[in-house]
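# Summary of the model geometry
One-letter residues, chain by chain:
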Amino acid sequence: MMEEVNEVSVLSVHGHSITVTEALKEGDALTFLIVSEKLSGTGEYPVDRTYEDFEWLQQHLFSQEAVPGIHGVIFPPLPAKAQVNASSKVLKQLGFLALGEWQPYCKALETFLRQVAAHSILSKNKAVEVFLTSSDPPGRQKVKKNIFNRLSQAVEEMRKESHKDVDEFFQTQRDHNLTLTVCSKTAAEKFLDVVLTEQKVAVACGHFSAALHLCVEPGEDPDKQAFSKTCVKLSEVFDSIKKNMMSVAENDISTLGVGLDLESRYQEAEKEMLFRRTCKLVELENARRNAEKAKPVKKAAMEEVKKATETEFKHICEVAKQEVHISSPLRVSSHLFRPAIALLGEEVGGVVSI
Amino acid sequence: MADTASDPPPERTDFHEVEDGKDLFPEPADAQESQPASLPAEDISTNSNGPKQDSLFDEDPEDLFAEATEEVSLDSPERDVLLSDGPSPAITPITPPTSVITPRIGHAHDDMFTHSSFDEIEEEEGGDSFDIHINVSDPEKVGDGMNAYMAYKVTTKTSLSLFKMKDFSVKRRFSDFLGLHSKLASKYLHIGYIVPPAPEKSLVGMTKVKVGKEDQSSNEFVEKRRSALERYLMRTVKHPILLKDPDVLQFLESSELPRAVSTQALSSAGLLRMVNKAADAVNKMTIKMNESDAWFEEKQQHFENLDVQLRKLHMSVESLVCHRKELSVNTAQFAKSTAMLGNSEDHTALSRALSQLAEVEEKMDQLHQDQANADFHLFSELLGDYVRLITAVKGVFDHRMKTWQKWQDSQMLLQKKREAEAKLQFTNKPDKLQQAKDEIKELEGKVQQGERDFEQISKTIRKEVSRFEKERVKDFKTTIIKYLESLVQTQQQMIKYWEAFLPEAKAIS
């Protein structure tokens, strides 16, 4: 069991080899089996983690106050908590990830871990190493609250969201991101609707096929026989239509569905980062104003604060710029999109061999 | 009605005419109006085998062969049964008011009943193949507000000599169709013919149309109705007897048709229908028929089963249609949102291309869903039609039961009268005795008539059922083939679209 881990370390596994192989049900909760290849090539680290462990990791990543400009990092999004008998609200929130027997969910967790491991700043946190390699479950105490927790709760901070930026680049970025967040969320939702309806159609085809089978009548009557034969044939056709529909839906989920889901969550993460930066900007402007207006007694202190804030802000902007450029959302998710769309095409082509 | 007891094969046209001694053609007076006033839809009065029958019989002055009688025109095993089951020799053509002369071409080869006279008649008809095609098209809204209605153009293309022209059309409204059906039903159902049911009324649908909403659902409704009306007419004329019915001919040909007001739901006729229906339901429960003919029992069971199966099928098809519609709606929405996503992503030209393409593809998908949906409508409508047809079939069976009941009733009455007469013999009341004897004579006639009616309706039903079964198989096969063909086409289109898209997708890295 480890306490707050703030030391810097180097990851001893290949980031791209991290795999979430399975989700096991234990009562109401899910346990995930994770395997990562050692850098040294001498084997693997298999570990099992619960969702709380993931949260632990995330908290540690959030609370790296010592790292300059940490607020400028776009944190890889962690999917919402999954439960075995989830309520409909939770299922709705999970969207695609709730489908397909947790396969997409495992994929999402896997992507999270890989992104963390690949991140130049985040991978250096010891918590990551511990998470991926330690056979003991990492500490599960609640880490102290930090700005990240407060983010979605602060109502008065919403005002700051529309605060005009000093930097044109970031202003554009913010505007752009706002649109993208909405669009990608909508697209993901609509696609979920499509996939769910595909499944419904498949089920209905199955019912029709079964009902046709009931129409088969025994008997010598040639009319009856003709009718029965027709019914059987048609029943078979619809059975295969059903199977095809189901596999189309499955593919949709595991490719475009997951891709869109990731895209929309990523946009949210970027939005939060930009918001943190904006908050800092507001803070900085306040500090400057205070420093100007301060009475000589307080002036020195205010200047200190101002300087500190300026530095912080500078760091944030530097990190943010890098983040935005390197992990431009599309490029991150396009490697998912591409196989997504391509697979979709092939799958539908394969469907036609009725 | 002359009782041509010596007439084993029941179709001797000229023979019968002569015997009858009736002058066929100038009987327009009481025959013209196709409403046999004495035959309300559901109730068969016991006097119906009297003079009223004649009027029916002479109904069709323009048809040269009006007196020709019903003829077994189907090459089904039932005919053998008919030949051998030795009904009473009094199989006279009491019932069919108009008739079919010849076997349709295609059945002629194994027609054991064809006599030389029939060959002649056949040739006189011009060696018709079944060549009539009816189109219902151009729905037009006439009038405004709640009095508005849709007028449909009914076009008939035929080479049958039955019709005056080869190609003609008239305008009809929905209540005209209902009127036609009610006339046919009142004439034929009680003697065992399966009259195809007309499409159902729909208050909701029509109100929308009347109110003038020019939207998707009311267009769909009109289209559905148009197609249903077309199918209804085609089914009706496919029936050899119904085709020759003057009402049908009038419906197809004459430009003006008297408005059929009794089809309105709330009219007195409508209420009468409802009352009759209820009475029938009660009667059905109380009639216990001694079914001497296993064929009928089996067939009835068969139709019960079929009814259940078809209803189930119908339900699953409806739900499938509904889901497909939903799918196409959702696909459309997804296409829109993808388009928006594509438009907002300007990081890379490639990513924009991706989104746009995805959107195009989804639009195609939607078109295809619509197409599949329309095809399903084919199925759904077909099944709905058959569910209603089977109701008509069951109704015909019920009529047979009623006929039997009538026969039994008159037989019992006869028995009673005979007993009463026997008693009267011992008293000394000559006039009462005479009266009793007269009544008995009358009743004996009735009993015989009842028996004949029963035999006739049984025979008719057998024929009708086998014709129905054939049609059913044919109908289903055709629809299924149509559906499968269009399905294959749709899928091939889809492959093409996705294949076109694939290289674009691959180029996105």
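Turning to the overall build of chain A, a few remarks are in order. From N to C terminus, chain A includes 10 helices and 3 strands. Along the chain direction, N to C, the helices and strands of chain A fall in the order β-β-β-α-α-α-α-α-α-α-α-α-α. Counting across all 354 residues of chain A, residues that qualify as buried make up 53%. For chain A, long-range pairs separated by at least 24 residues make up 73% of all intrachain contacts whose partners lie at least 6 apart in sequence.

In terms of regular secondary structure, chain B is built from 14 helices and 3 strands. Going through the 509 residues of chain B one by one, you find that 50% of them count as buried. Residue pairs at least 24 apart in sequence account for 77% of intrachain contacts in chain B once pairs closer than 6 positions are excluded. Summing over all exposed atoms, chain B offers an accessible surface of approximately 24,400 Å²; the carbon and sulfur share of this is 55%.

Remember that side chains alternate between the two faces of the sheet whenever the strand is regular. Residue and element names in this part refer to chain B. Taken together, the 9 bridges between strand E1 (residues 132–142) and strand E2 (residues 149–158) define a ladder with antiparallel strand orientation. By the bridge assignment, Asn135 is partnered in E2 with Thr155. What sits between the antiparallel neighbours E1 and E2 is a turn of 6 residues, in which Gly143 has the positive phi angle 85 degrees.

As a further point, take the packing of helix H1 (residues 51–62) of chain A against helix H3 (residues 103–118) of chain A. Residue and element names in this part refer to chain A. The geometry of H1 relative to H3 is characterised by a closest axis approach of 13 Å and an angle of 25 degrees between their N-to-C directions. Considering the angle they form, H1 stands roughly parallel to H3. Crossing angle aside, the handedness with which H1 passes H3 is left-handed. Where H1 abuts H3, its residues Tyr51, Phe54, Leu57 and Leu61 lie against Tyr105, Leu109, Phe112, Leu113 and Val116. Here the contact of H1 with H3 is composed, by residue class, of 9 nonpolar, no polar and no charged.

Time to look at unusual backbone geometry. A positive phi angle is found at Asp138 of chain B, which is not glycine, with a value near 50 degrees. Structurally, Asp138 of chain B can be placed in strand E1.

So, on to the confidence of the model for chain B. When pLDDT drops low, the exact placement of atoms in the prediction is not to be read closely. Overall, the prediction assigns chain B a mean pLDDT of 68, with 64% of residues at 70 or greater. Scored as a whole, the predicted complex attains pTM 0.68, and scored at its interfaces, ipTM 0.77.

Counting 107 residues, the largest nonpolar core has Phe208 and Phe238 of chain A together with Leu233, Leu252, Leu310 and Phe376 of chain B as the members making the most contacts within it. Beyond its immediate stretch of four places on either side in the chain, Phe208 of chain A contacts Leu234 and Phe238 of chain A together with Leu313, Ser316, Val317, Leu320 and Phe376 of chain B. With 41 residues, the next largest nonpolar core counts Val13, Phe54, Val73 and Cys106 of chain A among its residues.

Taken as a whole and assessed by the stated rule, the structure comprises 22 aromatic pairs over all chains. Centroid distance Trp295 of chain B to Phe296 of chain B: 4.9 Å. Interplanar angle 80 degrees. Geometry classified as edge-to-face. Through a chain of ring-to-ring contacts, three or more aromatic side chains come together here, namely Trp295, Phe296, Phe303, Tyr386, Phe397, Phe468 and Phe476 of chain B. In this arrangement the basic side chain of Lys38 of chain A is found over the ring face of Tyr45 of chain A, its NZ or CZ atom lying 4.9 Å from the centre. The residue whose ring lies beneath Arg400 of chain B is Phe296 of chain B, and the NZ or CZ to ring-centre distance is 3.4 Å.

All names here are of chain A. Relative to the 16 Å expected for 12 residues at 1.5 Å per residue, H1 spans 17 Å between its end C-alpha atoms, a close match to the ideal helical length. The buried fraction of H1 is high, at 10 of 12 residues. All of the buried residues in H1 are Tyr51, Asp53, Phe54, Trp56, Leu57, Gln58, Gln59, His60, Leu61 and Phe62.

Let us look at the environment of Asn251 of chain A. For Asn251 of chain A, the position within the fold is in helix H8 (residues 222–293). Each C-alpha atom of the pair Asn251 of chain A and Gly100 of chain A lies 9.9 Å from the other, and the pair is 151 residues apart in sequence.

Here we come to the sheet that holds E2 of chain B. Residue and element names in this part refer to chain B. Taken together, 3 strands build an open sheet; the order of strands is E1-E2-E3 and the sheet is antiparallel. The open sheet has two edge strands, E1 and strand E3 (167–173), and neither has a second partner. Averaged over all pairs of adjacent strands, the angle between their axes in this sheet comes to 20 degrees, without regard to strand direction. In the packing of helix H8 (residues 216–238) onto the sheet, contacts are made with E1 and E2, and the angle to E1 comes to roughly 150 degrees. Against the sheet, helix H10 (residues 246–253) contacts E1, E2 and E3, and its axis sits at roughly 95 degrees relative to E3.

Turning next to the pattern of salt bridges. Under the defined criterion, the tally for this structure stands at 35 salt bridges over all chains. For Asp165 of chain A, the salt bridge is made with Arg174 of chain A, and the minimal N-O distance between the two is 2.9 Å. Measuring nitrogen to oxygen at the nearest pair gives 2.4 Å for the salt bridge that ties Glu444 of chain B to Arg418 of chain B. Pair noted here: Glu444 of chain B is in helix H14 (residues 430–506) and Arg418 of chain B is in helix H13 (residues 349–426), with a separation of 26 residues, a long-range link. In this structure Arg418 of chain B comes out as partly exposed when scored by relative accessible area, which is 35%.

Rules behind the numbers
- Residues numbered from 1 in each chain as written.
- Chains lettered and ligands numbered in written order.
- Predicted model: local features only at pLDDT ≥ 70, side-chain atom pairs only at ≥ 80, totals over all residues.
- Heavy atoms only, no water.
- Helix = DSSP H or I, 4+ residues; strand = E, 2+ residues; numbered from the N terminus.
- Buried < 20%, exposed > 50% of the residue type's maximum accessible area, 1.4 Å probe, protein only.
- Contact = heavy atoms within 4.5 Å.
- Areas by Shrake-Rupley, 256 points an atom, 1.4 Å probe, with all protein chains shown as cover.
- Pairing = 2+ DSSP bridges.
- Axes fitted to C-alpha atoms, helices over the stretch in contact; angles between N-to-C directions.
- Parallel < 35°, antiparallel > 145°, perpendicular 65-115°, else oblique.
- Left-handed = near helix turned anticlockwise from the far one by under 90°.
- Nonpolar A, V, L, I, M, F, W, Y, C, P; charged D, E, K, R; others polar.
- pLDDT = per-residue confidence, 0-100.
- Core = buried A, V, L, I, M, F, W, Y, C linked by side-chain atoms within 4.5 Å.
- Phe/Tyr/Trp six-rings, centres within 6.5 Å; stacked < 30°, edge-to-face > 60°.
- Lys NZ or Arg CZ within 6 Å of the ring centre and 35° of its normal.
- Expected span 1.5 Å × (residues − 1).
- Salt bridge = Lys/Arg side-chain N within 4 Å of Asp/Glu carboxyl O.

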